[in-house]
Each structure stands twice: as C-alpha cells, then as structure tokens.
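Close look at the chain arrangement
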Amino acid sequence: MTSSLPTRRPDEPIRAPRGTTLSCKGWPQEAALRMLMNNLDPDVAERWEDLVVYGGSGKAARNWEAYHRIVASLRSLESDETLLVQSGKAVGIFRTHADAPRVLIANAMLVPAWGDWEHFRKYEAQGLTMYGQMTAGSWIYIGTQGILQGTYETFAACAQKHFDGTLRGRLVLSAGLGGMGGAQPLAVTMNEGVGIFVEIDRERIDRRLRLGYVDRATESLDEALAWAEEARRRGVALSIALYGNACEVHEEIARRGVRPDVVTDQTSAHDMLNGYLPAGLSPRDAVALRGRDPKGYLARAYESVARHMRAMLELQRNGAILFDYGNNIRREAENAGVGDFSYPGFVPAFIRPLFCEGQGPFRWVALSGDPEDIYATDRALMEAFKDNEHLVRWLRMAQERVHFQGLPARICWLGYGDRAVAGRIFNDLVASGRVRAPIVIGRDHLDSGSVASPNRETESMRDGSDAIADWPILNALLNASAGASWVSVHHGGGVGIGYSIHAGMVAVADGTPEAARRLERVLTTDPGTGIMRHADAGYPEAIEAGKRHGLKLPGITP
Ligand code: NAD
C-alpha cells in the first residue's frame, strides 16, 4: 500500500466524489474519505494547497504524504476496523467491531506544561504534530455556512438583549473576513443591521463578495461611513467590507467620534504569528517578514493588537456594546500590555442558556452532492419542528441566502431530544430513497458538552470550572462508546494552543437499521453531556433540562 503512494500535492485541486459509487468498503469509511476531501475542496478551504482549511492554520492532514496515506487507509479499511489518526497522520488500523468508530483522531495534544505555541511550533517543524483547529482536522468543516448560524444566533441574542430584538438602524463594526469571520456580514444583515468589516486581504474580500456574504466593498473609510450612515438612517440592512488594517481603521473611526452600536473582532488574533497582521504590512509582506524575522514580526503584531484593543475600548466608552468573538484577542492584548479592561465573551453574554439545554450547532452534509437532498432534509425538519418558529425562519433564510460550498450542507441549532429525532428522520430519508445517498451528521467542537475553553465556551462558569478539561474527554469517550462514525479530540482550536481542549463527533445516516440504532444513541449521548456538564456546574436551566429529559445524573436528578 505504501510504496506506490503519491507523496506530493495533487496537480488538480481536490474535490470529494459525488453519487453512490463507493471507493471504500462501507459508507462510514466513504463518508470520512469524502469529508476529508471536501475539507480541502478549493471552494471550502481557505488554502487547500497548504492543506489549510480555516482558522489561520487549521489543517486537514499533516502534509501531502500523510494525506495520501489517510486516503489509502480509508479505502482499505474494513467495516470492523478502526483507523487511528495522530495529528493529521494515519498511524494504525486495529480490528474493533462494526459499531465502533471507523476513525479516531487526536490533534495537537501536548502534555500541559509543554502546551504552548512555542513548543507546538517546535514539534510542528519537526513534523511531529499538526494544528487541527476544530472541524479542519476532524473533517466536518462545511465552509462559512458552518459558522453562519452561530453568528446569526449570537447577533440575534445581542439584538434581543440590547436593541428590542433587531439590529435595524444599528451599526456593527468588526474585522476579519476569513473562514469564520466571513459569516459576520451576512449574519448582521439577516438580523436587519448595518455592518462595516475591516479586512486587510483583498482576496478574502473578493471571496466574500463572490459568495454573497457581503454586499459591497470599498477601500475608502469615508465611503464606507457614508454608505453605513445612509443605510442606518433608512433602516435598511447593508454589509460593507472595508480594505484596511483594523488597528489603523478602528483608531481613525474612534478619532472621528463615529459611534458604532456593537463592536467585536474576528481577526485571527489567537495566533499572533501566523494569523494576526500588524499595521503597515500587506499579507505578502507579512509572509516575508515571518520567514525572515519571526521575533520582529511578533513585536509588531503585539504593538498593533494593543492599539487595536485601545481603539475598541474607546468605542466602548462611547457607548458601543463590546463583546469578544472567540479569537482570544483579550488575552493577547493583555500580553501586549493593555490591562484594566473588562468585557465578556459571546458565550456568557449570549449563548450559555442554549448550552444548558444541550443546544448547539448541528450540521449535516449530502454525500450525493445533490442540493435537492439538502432541500429534502430542510423540508422534513420544517415539517417535524413546525412549531419552532425560530428554526423554521432560519431554514427558510438559509435556503434563500446560503450558497453551498463543496458538498451541499446545512446547519441549525438543535438540542437534546430534537437531534435524535433529526437523525431518525435523515436515516429514514436515506432508507426510503427520498435522498440519493447517505447523510453525514456532525457538529462543531464549539458545543454544549464538548469543550473546555476558559476564554470562550467555558468562560465564567458558575462553579468556576472554566479550565476543567475532563468534560470534553468524557464527551469523546462516550460518543465513541455509543458508536459515532468518527470521534476526535483536539487541543487549541478557536483560541489557540494552550487555551482549549475539545472534541468532535460525526455519525453517518446510511439508511440501515444499524445506523438508526447508532444515531439514536450518539445523538442522545452527545447533547446529554452538555446538559450534564452545565447541571454539574449548577445552572438551574440545565438541572431542569436534566430532570425534564429523564437524564440519570447522580446527585442531581432523582
Ligand atoms: P482566518 O485566519 O481565516 O481569517 C482571519 C482574517 O483576519 C484574515 O482574512 C486576515 O487577513 C484578517 N486579519 C488579520 N489581522 C488583521 C488586521 N489586523 N486587520 C484586518 N484584518 C486582519 O480565521 P477565521 O477562520 O475567520 O477565524 C477568525 C478568528 O475567530 C480566529 O481567531 C478563530 O480561532 C476564531 N474563531 C471563532 C469562532 C467562534 O465561534 N466565534 C469559531 C472558530 C474560530
């Protein structure tokens, strides 16, 4: 198997196979293969040539040789075997059993005292590890739509809390139009608001325009402000991409006394060397300086992030709602010497009540490649959950406004109980032939029971358990026991190495009775751990949810 394998980047871009012809020995393996390839589809990945999917440097495989070996391993994998992937490299195949996961993945895990960027980069340079972000290295990234629903929910919750339920007539200022941040403009206009989004990479701006995520682009701050002011006055939704560096643009906006209503940020500040761009550098200059003088680069990046943060704090003093959008910019600004500030992350500010119900981002992908299969799933969910107005509204808007990237996919937030119902519905659609091929069901690692991340998902936990990382490990072990198709444990996604431990799971609905049983189990255990984690932390909503759903939580539910 190994000797004849290619070792280099393919000449042609990668695209997952479509249709019902298998190149693997079963649908779960085929699903893993297609989702790995789909992560690297040029329409999905930020830089497929470097195997980078999203989130700065989040990769799908360690290097090209490792990619080809994973593909070959999946093609040879029997339906009672399990492939082990260690930081983007296939390392072993063991006989397990038919209900066990077909793939188990660990990415970027380091012993805690070594768990920082410095050690990580050293090991990465030695070829020993890989940064998997969240869904990059666990092969369930679905393009910008993946974050769109979460971003839409976050801005909706912000509007609910501060602006009578709508962003109409409100101005949002943010930066970063990358894989995740690119969802911000559409999420703001879906909430009827006006937004200016500062981005230093012209290609990223062009991509968001092309995909319909942003309405207009300009290089002129005057023009952006004039457009925004007019839209704000008329109460029409408008998103504007503004070419520039957030540090400089935000300073100028604050200097002019402009008053945005909401300020946040999605530059890749979690990775100051490879993600955050210092003032005065184009992306191309940045690459050159990083290679030539990484220490000099970092000094400039920290100087810029400090100015960037001070400008955001001035806008906050002028009345803006300021919240952190999960990129660790608060910590890095502190590392750059800006202290004495306080503003919340988006989870404690807006999302935690949903987590207490086991709710989080639930996503699925049509392996047929046929958009009609996703529309069939949309219809089935709208019918099954017709009383859930929020969900039905989201699914309608998503149908109208979301362009598919790679294999057609959908995302919505579903909680305990409803996820198992959705899994059953999808498996039935496959079994009855109403969709053309199996459906892959998965989620972000940003979910209610699957992550420990003190600067983001588990910030300010009620019982102070922010940094306790037993929970995502238990989530992964349980989902593997319950029969997920692949399960992953990662370190450092979202907020960077040293700051988070999290787990992913994917289950394949191939229409068989065995899949139905596995789905029922996994789609119950997975959100169940979210309720368990929050009930254990003492959240009354989670304790209530545990009782309502009959979860056995020793010491908490009867
Ligand atoms: P990305 O690397 O794909 O994009 C970041 C963008 O920021 C790039 O386009 C880059 O050109 C731009 N940028 C960097 N520095 C800039 C500056 N000073 N001024 C203007 N533009 C600048 O990353 P992404 O996938 O979009 O993720 C963004 C951040 O959000 C990351 O830190 C990521 O870890 C975090 N994240 C948040 C969530 C969430 O749920 N909130 C989820 C995943 C990731």
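Note that the structure is a prediction, hence the values are computed from the model and not measured. (Residues numbered from 1 in each chain as written. Predicted model: local features only at pLDDT ≥ 70, side-chain atom pairs only at ≥ 80, totals over all residues. Heavy atoms only, no water.)

1. Quick look at the pattern of salt bridges
Between side chains of opposite charge, pairing is possible as soon as their charged atoms come close. By the definition in use, this model includes 36 salt bridges. Across the salt bridge formed by D50 and R47, the nearest N and O atoms sit 2.7 Å from each other. The class for D50 is partly exposed, based on a relative accessible area of 39%. Judged by relative accessible area, which is 33%, R47 ranks as partly exposed. A salt bridge links E520 to R424, with the shortest nitrogen-to-oxygen separation between them at 3.0 Å. (Salt bridge = Lys/Arg side-chain N within 4 Å of Asp/Glu carboxyl O. Buried < 20%, exposed > 50% of the residue type's maximum accessible area, 1.4 Å probe, protein only.)

2. Notes on the site of the ligand
With respect to spatial proximity, 32 residues lie near the ligand, and among them M180, E199, S268, H270 and G494 are the closest. One of the side-chain nitrogen or oxygen atoms of R204 is found 2.9 Å away from an oxygen atom of the ligand. Here Y325 contributes a backbone N or O atom positioned 2.9 Å from a nitrogen atom of the ligand. Protein burial of the ligand: of its 850 Å² of free accessible surface, 98% is covered by the chains. Considering only residue class, the shell around the ligand consists of 11 nonpolar, 17 polar and 4 charged. (Near = heavy atom within 4 Å. Polar contact = N/O pair within 3.5 Å; in protein donor to acceptor, adjacent residues only side chain to side chain. Areas by Shrake-Rupley, 256 points an atom, 1.4 Å probe, with all protein chains shown as cover. Nonpolar A, V, L, I, M, F, W, Y, C, P; charged D, E, K, R; others polar.)

3. A word on helix α14 (residues 389-401)
The end-to-end C-alpha distance of α14, which contains 13 residues, comes to 18 Å, matching closely the 18 Å that a straight helix rising 1.5 Å per residue would cover. Buried within α14 are the following residues: L391, V392, W394, L395, M397 and A398. Along its buried surface, α14 packs onto α4 (145-162), α5 (184-190), α13 (371-384) and β13 (409-414). (Helix = DSSP H or I, 4+ residues; strand = E, 2+ residues; numbered from the N terminus. Expected span 1.5 Å × (residues − 1). Contact = heavy atoms within 4.5 Å.)

4. A short note on helix α15 (residues 418-431)
Spanning 14 residues, α15 covers 20 Å between terminal C-alpha atoms, matching the ideal 20 Å at 1.5 Å per step. The set of residues buried in α15 consists of R419, A420, A422, G423, I425, F426, N427, L429 and V430. The inward-facing, buried residues of α15 contact β12 (360-366), α13, β13, β14 (439-443), β17 (501-509) and α17 (513-536). The positive-phi residue at the C-terminal boundary of α15 is G433, with phi of around 80 degrees.

5. Details of the environment of I70
Looking at the secondary structure, you find I70 in helix α2 (residues 64-76). Look at I70 and you get buried, because its relative accessible area is 0%. Measuring from C-alpha to C-alpha, the distance between I70 and L177 comes to 31 Å, with 107 residues separating the pair along the chain. With residues near it in sequence (within four places) discarded, I70 still touches L36, A61, V85, G88, K89, A90 and W139.

6. Concerning the environment of L22
Looking at the secondary structure, you find L22 in the segment before α1 (27-39). Setting aside its immediate chain neighbours within four residues, L22 contacts W27 and E30.

7. Considering the nonpolar core
One broad rule of soluble globular proteins: the nonpolar side chains tend to lie buried together. One finds Y67, L74, W139, F426, V440 and W486 to be the most contacted residues of the largest nonpolar core, which totals 118 residues. If one sorts the elements of this core by residue count, α1 sits on top with 7 residues. Judged by nonpolar contacts, the second largest core, of 47 residues, contains I253, L277, V305 and M312. (Core = buried A, V, L, I, M, F, W, Y, C linked by side-chain atoms within 4.5 Å.)

8. A closer look at the sheet that holds strand β6 (residues 171-175)
Read across the sheet, 6 strands follow the order β8-β9-β7-β6-β10-β11 without closing on themselves; strand pairing throughout is parallel. Looking at the sheet topology across the chains shown, the edges are occupied by β8 (216-218) and β11 (321-322). Pairing analysis gives 2 bridges linking strand β10 (residues 262-263) to β11, with the strands arranged parallel. Residue pairing for β11: V263 is matched across the bridge by L322. (Pairing = 2+ DSSP bridges.)

9. Description of the packing of α13 against α15
Contact pair α13 / α15: the axes reach a minimum separation of 10 Å and the direction vectors enclose 135 degrees. Relative to α15, α13 is oriented oblique. Crossing of α13 over α15 shows right-handed handedness. Mapping the contact onto sequence places A376, T377, A380, L381 and A384 in α13 and A422, I425, F426 and L429 in α15. Considering only residue class, the contact of α13 with α15 consists of 8 nonpolar, 1 polar and no charged. (Axes fitted to C-alpha atoms, helices over the stretch in contact; angles between N-to-C directions. Parallel < 35°, antiparallel > 145°, perpendicular 65-115°, else oblique. Left-handed = near helix turned anticlockwise from the far one by under 90°.)

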